[in-house]
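Structural characterization, general
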Amino acid sequence: MGNTINTQHEQLGKVRSTIREIFEYGNKRRMEIGAENVFDFSLGNPSVPAPEMVKKTYMELLQTESDIELHGYTSAQGALPTRKAIAENLNSRYGTAFHADNFYMTCGAAASLRVTLGALITPGAGEEVVTFTPYFPEYKVFVESSGAKLVESISDPETFQIDFTDLSSRITPQTKAVLINSPNNPSGVVIREEGIRQLAELLQERSAIYGHTIYIMTDEPYRELVYDAETVVPFVTKYYDSTIVCYSFSKSLSMPGERIGYILVPDACDRAADIYAAVCGAGRALGYVCAPSMVQKLIARCAGEVSDVQVYKKNRDILYGALTEYGYKCVYPDGAFYLFFKALEEDAGAFCNKARDYELLLVPADSFGTPGYVRLAYCVSTEQIEKSLPAFKALADSYK
Ligand code: PLP
């Protein structure tokens with residue numbers, strides 16, 4: 001036998017994501033013409049600072065805690081005070097009754113998703129995970145590497161809410177879980193309460209028919225990033241018992257590099273104790289035990305904090321208003337920090353290449369399961385947004 005390595009992982013490592021590719025192109029252009037002249041809307045890196053309380057708490061922790069306390073291992077599933085603080089915060093906001101042992105601390109939503117899939121999926125059993133277009137492209141990596149197949153359900157093309165006729169045909173006896181993401185990356189759409197209710201009903205019905213529970217996995221890095229008073233993000237565990245929440249503080253606290261989030265397995269979830277054990281086991285098998293300890297201590301004190309998201313709202317309002325006026329067909333973004341619109345030609349890749357002539361860096365949404373659409377991440381300064389508008393207008397005019 002030759003010197004073999006895991007070719008599947010080798011491929012994953014060699015193929016750069018489209019978003020990274022564009023970001024690298026942006027770096028090159030920034031060097032060539034100056035950062036202020038490149039309108040880079042490619043990456044979902046929060047642009048507002050972390051809340052003041054975060055900086056203050058880090059300083060206090062450094063001054064008051066011993067190095068061993070601060071940098072030592074915590075319990076594998078996360079420090080008790082951290083899990084307790086998160087439970088109390090959710091209970092006060094949603095009237096739930098969670099406790100520390102419902103939570104497993106992880107390195108952001110990515111780890112939360114992969115560990116949860118590791119807990120639910122039996123490799124080789126032909127199981128399927130259904131998600132809705134458009135979706136975060138890493139879902140495919142997480143689902144396939146856990147040994148299941150990712151099945152796309154096509155959302156309503158006008159509203160990007162769930163299309164229940166389509167979903168109904170995608171749910172089969174092989175379905176292990178339905179993965180939702182609201183507010184959504186890349187559309188910014190929040191699934192309405194009625195949609196969550198209908199989803200819960202459908203899954204209850206199918207679970208009974210197939211004789212096994214279909215779980216909901218809800219990926220919630222953008223939970224707190226909504227901009228209109230009337231937009232309510234339903235807390236899914238209240239509508240469907242067998243819901244597992246995959247949360248991240250990356251966006252709500254503007255700290256994606258700190259890698260912190262959690263998995264919530266409510267008591268009401270079918271086989272809750274076994275699933276929690278399997279989450280601990282998957283965390284162990286995947287090497288995700290004991291999330292970073294200093295940031296866990298921070299979360300214990302800042303669980304209810306949220307960055308000032310008003311800048312995102314302002315950016316959304318300016319962009320949505322201007323782009324719609326220029327003739328782009330945009331999906332109204334309730335939250336997150338993405339604007340999603342139809343490319344002005346069939347091939348979104350060709351459209352995004354043309355946008356580069358105007359120094360606009362946009363992401364074609366083919367890998368999100370929606371060919372012909374484009375994602376724009378507006379987590380940049382408002383000044384950049386305002387400066388970019390003539391470029392969007394010129395790009396639109398070039399198609400007239
Ligand atoms: N899920 C979605 C929908 C995302 O947009 C992201 C990151 O942008 C993640 C998961 C991964 O989040 P994290 O950086 O917390 O791992």
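Going by the structure above, here's the rest.
Just so it is clear, the structure is predicted and the values come from calculations on it, not from any experiment. (Residues numbered from 1 in each chain as written. Predicted model: local features only at pLDDT ≥ 70, side-chain atom pairs only at ≥ 80, totals over all residues. Heavy atoms only, no water.)

Running from N to C, helix H5 (residues 80-94) and helix H11 (residues 293-302) point in directions that differ by 35°, and their axes come no closer than 8 Å. As H5 packs across H11, the resulting crossing turns out to be left-handed. Contacts from Pro-81, Thr-82, Ala-85 and Ile-86 in H5 reach Gln-296, Lys-297, Ile-299 and Ala-300 in H11. Partitioning the contact of H5 with H11 into residue classes produces five nonpolar, two polar and one charged. (Axes fitted to C-alpha atoms, helices over the stretch in contact; angles between N-to-C directions. Helix = DSSP H or I, 4+ residues; strand = E, 2+ residues; numbered from the N terminus. Left-handed = near helix turned anticlockwise from the far one by under 90°. Contact = heavy atoms within 4.5 Å. Nonpolar A, V, L, I, M, F, W, Y, C, P; charged D, E, K, R; others polar.)

The next thing to look at is the sheet that holds strand S3 (residues 128-132). Read from one edge to the other, the open sheet built from seven strands follows the order S2-S8-S7-S6-S5-S3-S4, with strand pairing classed as mixed. The sheet is open, and its two borders are formed by strand S2 (103-106) and strand S4 (149-153), each paired with just one other strand. Between one strand axis and the next, the sheet turns by 20° as a mean value, whatever way the strands run. In terms of strand pairing, strand S5 (residues 175-181) meets strand S6 (residues 215-220) through five bridges, oriented parallel. Note on S6: the bridge partner recorded for Ile-180 is Thr-218. Set on the sheet, helix H9 (residues 193-210) makes contact with S5 and S6; between it and S5 the angle comes to about 175°. (Pairing = 2+ DSSP bridges.)

This model, assessed by the stated rule, comprises 22 aromatic pairs. With a centroid separation of 6.3 Å and 5° between ring planes, the pair formed by Tyr-135 and Tyr-139 is classed as stacked. Across the pair, exposure class does not vary: Tyr-135 and Tyr-139 are buried alike. Where Phe-160 meets Tyr-373, the ring centres are 5.5 Å apart and the plane angle is 85°; that geometry is what we call edge-to-face. Within this pair, whereas Phe-160 is found in the loop between S4 and helix H8 (164-170), its partner Tyr-373 is found in strand S13 (residues 373-377), the two being separated by 213 residues in sequence. Exposure remark for Tyr-373: the relative accessible area of 11% places this residue in the buried category. Feature note: the residues Tyr-94, Phe-98, Phe-103, Phe-235, Tyr-247, Phe-249 and Tyr-262 constitute an aromatic cluster, connected by ring pairs. (Phe/Tyr/Trp six-rings, centres within 6.5 Å; stacked < 30°, edge-to-face > 60°. Buried < 20%, exposed > 50% of the residue type's maximum accessible area, 1.4 Å probe, protein only.)

For Asn-184, the location among the structural elements is in the loop between S5 and H9. A polar contact of 3.3 Å, which involves the side chain of Asn-184, links it to the backbone oxygen of Asn-181. Excluding residues within four positions of it along the chain, Asn-184 makes contact with Pro-134, Val-189, Ala-336 and Tyr-338. (Polar contact = N/O pair within 3.5 Å; in protein donor to acceptor, adjacent residues only side chain to side chain.)

Turning next to empty space enclosed by the protein. If you roll a probe as big as a water molecule over the atoms, it shows you where there is empty space left. Tallying each qualifying case throughout the model produces three cavities of 30 Å³ or more. Of the volumes computed, that of the largest cavity is approximately 130 Å³. In terms of lining, the largest cavity is formed by 16 residues, of which the most central are Phe-132, Phe-160, Asn-181, Asn-184 and Ile-191. Among the residues forming the lining of the largest cavity, the class breakdown is nine nonpolar, seven polar and no charged. Of the volumes computed, that of the second largest cavity is approximately 50 Å³. In terms of residues, the lining of the second largest cavity owes the most to one element, H5, which gives four residues. For the lining of the second largest cavity, the residue count by class is six nonpolar, one polar and two charged. (1 Å grid on protein atoms, 1.4 Å probe; cavity = no way out; pocket = protein on both sides within 12 Å on 5 of 7 lines; lining within 4 Å. Points joined across faces, edges and corners; volume = space filled by probe spheres on them.)

Strand pairs in the sheet, formed through backbone hydrogen bonds, run parallel or antiparallel to each other. Taken in spatial order, the four strands of this open sheet run S9-S10-S13-S12, and their pairing is antiparallel. If you trace the sheet from one side to the other, it starts and ends with strand S9 (330-331) and strand S12 (363-364), each paired once. Of the strand pairs in this sheet, strand S10 (residues 338-342) and S13 are connected by five bridges, and their pairing is antiparallel. Bridged to Leu-339 within S13 is Leu-376.

Remember, this is a structural readout, not a statement about activity or role.
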